[in-house]
Structures are given as C-alpha cells and as structure tokens.
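A look at the structure
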Amino acid sequence: MNHDVKATGLKSLQGKVWKAGYDSGELKGHVYEDFKPMLDWCKKQNISVNIYSSGSIGAQKLLFGCSTEGNLCPYFHSHFDTTSGGKKESQSYKNIAQDLKVDPKDICFVSDAEEELVAAREAGIGYSVMSVRPGNKPLTNVGREFPIIFSLLQICGSGK
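Residues numbered from 1 in each chain as written. Predicted model: local features only at pLDDT ≥ 70, side-chain atom pairs only at ≥ 80, totals over all residues. Heavy atoms only, no water.

So, the pairing of strand E2 (residues 76–80)
The element E2 is extensively covered by neighbouring structure, given that four of its five residues are classed as buried. Pairing between strand E1 (residues 49–52) and E2: four bridges, direction parallel. Along E2, the bridge assignment pairs Val 49 with Phe 76. Between the parallel pair E1 and E2, the chain is carried across by helix H3 (residues 57–65), and the sense of this crossover is right-handed. (Buried < 20%, exposed > 50% of the residue type's maximum accessible area, 1.4 Å probe, protein only. Helix = DSSP H or I, 4+ residues; strand = E, 2+ residues; numbered from the N terminus. Pairing = 2+ DSSP bridges. Right-handed = clockwise from strand over helix to strand, strands pointing away.)

Here it is in structure tokens:
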C-alpha cells in the first residue's frame, strides 16, 4: 500500500472488501462539494459523464452509489478502470473513446495527475484539464501546460 500499486487484481479485491463496509452504511464515498452540482449541470445539458479510475468498476459503483451526496451512479453513462489499460498509457484513452463511440477530440478529461493528462493528450483527447485541490502534489512545468481548474464547476458553461 505504501507504493500505491494500481494492479487490476488488487483493485478487484479492494472492491470486494469495501462492499461489506458500504453495504453496512459504515463507509461513505467522499466526493468534493462541487461534484454533484457539476453532475447536475451536465445532466441538464445532456452531457455524458463517464468515470475512468484506477479503482475497479465495482469499487467505483460502491463509492459513488454510497457517497456522502447519496447515490450518484445514475449520473454516469459508463465506468472504466484499468481493464481499459493503465491511466498513464495513451492507448487507454483511445480504447475508452472507441468504447464510447466518440472522437477523442470531443472528450474532456479532468485529472489531478500530470502523467495521466500527458497520456490523454498523446491519445488526442481534446480537452485535458488539470484539477488542483488542496493536498495535491505540487505542479511541475508539465502540469502547467494544461488548463488549470480549482473547482469542477469551472468546466460548466452557461448552458447556452
């Protein structure tokens, strides 16, 4: 755990272990306070929201299904995990675009990890955006190459 390994098998096991905690109500998935308002805005604008996480799809559904903001799963079109490929590999983002049947240039990908944004950009993702939150690793010059947001609400337009 000290090495933050993103192995698919370990993430699957993690999902199974978490299930008991979420089912009992002892665990609640943490989401930032701007997350649900961003989801609401996207829903009103008919914008597809998809999750790509190093956590297994099962773990994602537990976290978002039992979140501090209630069940957020209905907001998501699709969930992706490391079965699509590693988050630092450009092919992963191409695979996801293909699965979604959209041109990569039409995807907005938000992350707090520079390596993921670089891989997304290399895959042709049109809008790779750096999310800066308290406690994140300090940005390097690479991270500063991307548009920077401090709230997910910054990606929400006027709706016009």
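Here's the deal with the side chain of Ser 67
By secondary structure assignment, the location of Ser 67 is in the loop between H3 and E2. Here the side chain of Ser 67 touches Gly 70 through a polar contact of 2.6 Å, landing on its backbone oxygen. Once residues lying within four places of it in the same chain are set aside, the contact partners of Ser 67 are Lys 28, Gly 29, Val 31 and Leu 72. (Polar contact = N/O pair within 3.5 Å; in protein donor to acceptor, adjacent residues only side chain to side chain. Contact = heavy atoms within 4.5 Å.)

Some remarks on the sheet that holds strand E5 (residues 148–149)
Sheet architecture is open: three strands sit in the order E3-E4-E5, paired in parallel fashion. This sheet does not close on itself; its edge strands, each paired only once, are strand E3 (108–111) and E5. Bridge analysis of E3 against strand E4 (residues 127–131) gives four bridges, and the strand direction is parallel. Bridging across to E4, Ser 111 finds its partner in Met 130.

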